Amino acid sequence: MSSKIPVSVLIPAKNEESNLPACLTSLAVADEVFVVDSQSSDKSIEIAESYGAKVVQFNFNGSWPKKKNWSLENLPFRNEWVLIVDCDERITPESWAEIAEVIKSNECNGYYINRRVFFLGKWIRHGGKYPDWNLRLFKHQKGRYENLNTEDIPNTGDNEVHEHVILQGQVGYLKHDMLHEDFRNLYHWLERHNRYSNWEARVYLNLLTGKDNGKTIGANLFGDAVQRKRFLKTVWVRLPFKPLLRFILFYIVQRGFLDGKAGYIYGRLLSQYEYQIGVKLYELRSCGGQLNTANTSESTSSTLSQEAG
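Just so it is clear, the structure is predicted and the values come from calculations on it, not from any experiment. (Residues numbered from 1 in each chain as written. Predicted model: local features only at pLDDT ≥ 70, side-chain atom pairs only at ≥ 80, totals over all residues. Heavy atoms only, no water.)

A. Fine view of the pattern of salt bridges. Following the criterion strictly, the structure yields 18 salt bridges and no others. Residues Glu89 and Arg136 are paired through a salt bridge, measuring 2.7 Å at the closest nitrogen-oxygen approach. Of this pair, Glu89 sits in strand β5 (residues 89-91) while Arg136 sits in strand β8 (residues 133-139), and the two are 47 residues apart along the sequence. Grouping residues by exposure puts Glu89 and Arg136 together as buried. Salt-bridge contacts for Glu146 lead to Arg230; the nearest nitrogen and oxygen are separated by 2.8 Å. Pair noted here: Glu146 is in the loop between β9 (143-145) and β10 (165-167) and Arg230 is in helix α6 (residues 225-236), with a separation of 84 residues, a long-range link. Linked by salt bridges that have partners in common, Lys68, Asp86, Glu89, Arg115, Asp132 and Arg136 make up one network. (Salt bridge = Lys/Arg side-chain N within 4 Å of Asp/Glu carboxyl O. Helix = DSSP H or I, 4+ residues; strand = E, 2+ residues; numbered from the N terminus. Buried < 20%, exposed > 50% of the residue type's maximum accessible area, 1.4 Å probe, protein only.)

B. Highlighting the pairing of strand β3 (residues 54-57). By the bridge criterion, four bridges tie strand β2 (residues 30-37) to β3 in an arrangement that is parallel. Its bridge partner being in β3, Val35 is matched across the sheet by Val55. The parallel pair β2 and β3 is bridged by helix α2 (residues 44-50), and the resulting crossover is right-handed. (Pairing = 2+ DSSP bridges. Right-handed = clockwise from strand over helix to strand, strands pointing away.)

C. Quick look at unusual backbone geometry. Geometrically, the link from Tyr130 to Pro131 is a cis peptide bond, its omega value of 5° lying close to zero. Along the chain, the position of Pro131 falls in the loop between β7 (122-123) and β8. Residue Asn15 is not a glycine yet carries a positive backbone phi of 50°. Its relative accessible area of 27% is what places Asn15 among the partly exposed residues.

D. Representation of the nonpolar core within the structure. Ile11, Leu83, Trp96 and Leu137 are the most contacted members of the largest nonpolar core, which totals 31 residues. Contributions of two or more residues to this core are made by β1 (5-13), α1 (20-25), β2, α2, β4 (81-84), α4 (93-105) and β6 (110-119). Once residues lying within four places of it in the same chain are set aside, the contact partners of Trp96 are Ile5, Val7, Val9, Ser26, Leu27, Val29, Ala30, Leu83 and Ile91. Core analysis: the second largest hydrophobic core is formed by 17 residues, Leu10, Ile84, Tyr145 and Ile217 among them. (Core = buried A, V, L, I, M, F, W, Y, C linked by side-chain atoms within 4.5 Å. Contact = heavy atoms within 4.5 Å.)

E. Main features of the side chain of Ser8. Position of Ser8 relative to the elements: it lies in strand β1. Side-chain polar atoms of Ser8 contact the side chain of Glu32, separated by 2.5 Å. Within the structure, the side chain of Ser8 is placed 3.0 Å from the side chain of Asn79, a separation counted as a polar contact. When sequence neighbours within four positions are dropped, the list of residues in contact with Ser8 reads Glu32, Phe77, Arg78, Asn79, Trp81, Val82 and Leu83. (Polar contact = N/O pair within 3.5 Å; in protein donor to acceptor, adjacent residues only side chain to side chain.)

Without other data, these values stay purely geometric and don't point to any function.
Structure below.
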């Protein structure tokens, strides 16, 4: 009798050789593991295959769907349940024991998993970073990621960033946490959030202009934890001085100072991230809804004036 848990794991990846070994080790009890790769140039593919994972290449068409939704539509899962895990995440033995039980009960079609975020080797327990609920375990035919109308923004990557799963049927919450710890250095954190801020700027613009095609989880003050967070975001995007407010909220109001030096650095970086979002939002609004564009006639006139001078 197999000791494997009948769950198919989906891991989106690109150049994750530093994180994959620990991630894949934590998934050893899963019946099936897919690593959906985006043409990695490091040893990601070799590492994934050495752990017995099935490697599938994803070629992004620049539009929709992105990697996770494409995988949910196209991968030949042999199990009803799918667990989505990022390369910098680990599933603990306690979580696996709980997963094995809940998928037998068939009470829900999906489950939120709480996530502990580690930064500079420390669990960021305060500042609003915990609890951090993510709908990652669900019956793969019942759930798809929402479309926030961000696919036209360049340099955001081919993977869903902070989109949430829209699930048909009842949802539950697991008691045990998963762990989130990137083993790469701060360069990669900054690089990743530079891309994320492109995405966030479009989300902010969509919220401010009321652009919603109905394919989202929605914003609801009286909904679940994720819907409440989305509601608060609709208020947040309209506030002034957001970089300063982000630091005050994280570090003082939500007691990020209790996480020591790591908490202070994290709070400062979040404030910087908020500033990046703000200036990119300005760029979107002042350049006709597109990043990195300029008025051609104005640019030409300016160039001719300089040449004439």
